[in-house]
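Here is what each chain is made of, one letter per residue.
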Amino acid sequence: ETGVTQTPRHLVMGMTNKKSLKCEQHLGHNAMYWYKQSAKKPLELMFVYNFKEQTENNSVPSRFSPECPNSSHLFLHLHTLQPEDSALYLCASSQVADTQYFGPGTRLTVL
Amino acid sequence: RKEVEQDPGPFNVPEGATVAFNCTYSNSASQSFFWYRQDCRKEPKLLMSVYSSGNEDGRFTAQLNRASQYISLLIRDSKLSDSATYLCVVNPGRGTSYGKLTFGQGTILTVHP
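Cut-offs used in this document
- Residues numbered from 1 in each chain as written.
- Chains lettered and ligands numbered in written order.
- Predicted model: local features only at pLDDT ≥ 70, side-chain atom pairs only at ≥ 80, totals over all residues.
- Heavy atoms only, no water.
- Helix = DSSP H or I, 4+ residues; strand = E, 2+ residues; numbered from the N terminus.
- Rg over C-alpha atoms; globule rule 2.2 N^0.38 Å.
- Buried < 20%, exposed > 50% of the residue type's maximum accessible area, 1.4 Å probe, protein only.
- 1 Å grid on protein atoms, 1.4 Å probe; cavity = no way out; pocket = protein on both sides within 12 Å on 5 of 7 lines; lining within 4 Å.
- Points joined across faces, edges and corners; volume = space filled by probe spheres on them.
- Nonpolar A, V, L, I, M, F, W, Y, C, P; charged D, E, K, R; others polar.
- Contact = heavy atoms within 4.5 Å.
- Buried area = accessible area lost by both parts, 1.4 Å probe.
- Salt bridge = Lys/Arg side-chain N within 4 Å of Asp/Glu carboxyl O.
- Polar contact = N/O pair within 3.5 Å; in protein donor to acceptor, adjacent residues only side chain to side chain.
- pLDDT = per-residue confidence, 0-100.

K.L.:
Looking at this structure, I do not really get the overall build of chain A. What am I missing?
P.N.:
Helix and strand counts for chain A stand at zero helices and 11 strands. Secondary structure elements in chain A, listed N-terminal to C-terminal, are β-β-β-β-β-β-β-β-β-β-β. Taken against the 2.2 N^0.38 rule, which gives 13 Å for 111 residues, the C-alpha radius of gyration of chain A at 13 Å falls within 12% of a compact globule. With respect to the three principal axes, the spread of C-alpha positions in chain A is 35 × 25 × 25 Å. Buried positions account for 48% of the 111 residues belonging to chain A.

So, in structure tokens, the structure goes:
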């Protein structure tokens, strides 16, 4: 399936690096989401965008900065991360209030 | 109390067995409910929505008890390919809370020959 794509699939970065995760959805949806999945923990919602407007910031540290230039693209800019930020970062999209479809995720390791 | 609570398992069952997973949720105003499946190192995928009247999709049956704030998933005639983590998911679904899915930690199922 290629409905929601994410790049890169794997990323290793140092604590002083700046990197960006990219998500693209080809489903015509109007809502996009970032989630974090750490080992042994439930998926945690980070950000929600509806019609390109951020409607939810779930108390995420400022070292994570989302950007939604249009309803098909979503970025997560990373800066000065900590080792505990290592996790699987999942993007999802939906029609507002409908079923969410997930991308394959970016597995991030912070050294 | 966790917002969505599941028995993490693991459940180890033989092929052909029937297995049931349970889930409880704390927000009584929650509007919609789902079971997602997540294979190892893959993304979650919707397995089925859960309706108040209960619903069935082949070997899978989902039920909702709003009074007890309880959701269940029953898998009959288990296949090896059913091995995965099953995620209970709740959506408040009202106003600005829509889309704010809350996930349980998942129940691990392993089906063996």
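K.L.:
Honestly, the layout of surface pockets in this entry has me stumped. Any pointers?
P.N.:
Summary: where empty space remains is shown by rolling a probe the size of a single water molecule over the atoms. As a volume, the largest pocket reaches approximately 660 Å³. Around the largest pocket, the lining is made up of 26 residues, and of these A:Gln37, A:Ala39, A:Lys40, B:Gln38 and B:Thr85 lie nearest the centre. Counting residues per element, the ones that place at least two in the lining of the largest pocket are β9 (87-94) and β11 (106-110) of chain A together with β9 (84-91) and β11 (107-112) of chain B. Its residues assigned to classes, the lining of the largest pocket shows 12 nonpolar, eight polar and six charged. If you trace the second largest pocket, you find 17 residues lining it, with A:Leu43, B:Glu3, B:Leu101, B:Thr102 and B:Phe103 closest to the centre. Mapped onto the lining of the second largest pocket, the elements with two or more residues apiece are β5 (44-50) of chain A together with β10 (102-103) of chain B.

K.L.:
Help me understand the environment of A:Pro69 in this model?
P.N.:
Residue and element names in this part refer to chain A. Note that proline 69 resides in strand β7 (residues 64-70). Its relative accessible area of 40% is what places proline 69 among the partly exposed residues. Between the alpha carbons of proline 69 and lysine 52 there is a distance of 6.8 Å; along the sequence they are 17 residues apart. Aside from chain neighbours lying at most four places away, what touches proline 69 is Lys52 and Phe75.

K.L.:
Teacher, can you tell me more about the interface of chain B and chain A here?
P.N.:
By a widely used convention, the size of an interface equals the accessible area lost when the partners come together. With 16 residues of chain B at the contact, the number on the chain A side is 19 residues. Between chain B and chain A, roughly 1,600 Å² of surface is buried when both sides are summed, and carbon and sulfur atoms account for 57% of that area. Scanning the region where chain B abuts chain A turns up zero salt bridges. Connecting chain B to chain A are two residue pairs in polar contact (both at pLDDT 80 or more). Elements supplying a minimum of two residues to the side of chain B that touches chain A: β4 (32-38) and β5 (44-50) of chain B. Taken together, the residues that form the side of chain B that touches chain A break down as eight nonpolar, four polar and four charged.

K.L.:
Sorry, what's going on with the confidence of the model for chain A here?
P.N.:
Predicted coordinates in areas of low pLDDT are best not read in detail. Per-residue confidence for chain A gives a mean pLDDT of 91; residues scoring 70 or more make up 97%. Summarising per-element confidence for chain A, the mean pLDDT is lowest in strand β6 (residues 53-57) of chain A (80) and highest in strand β1 (residues 4-7) of chain A (97).

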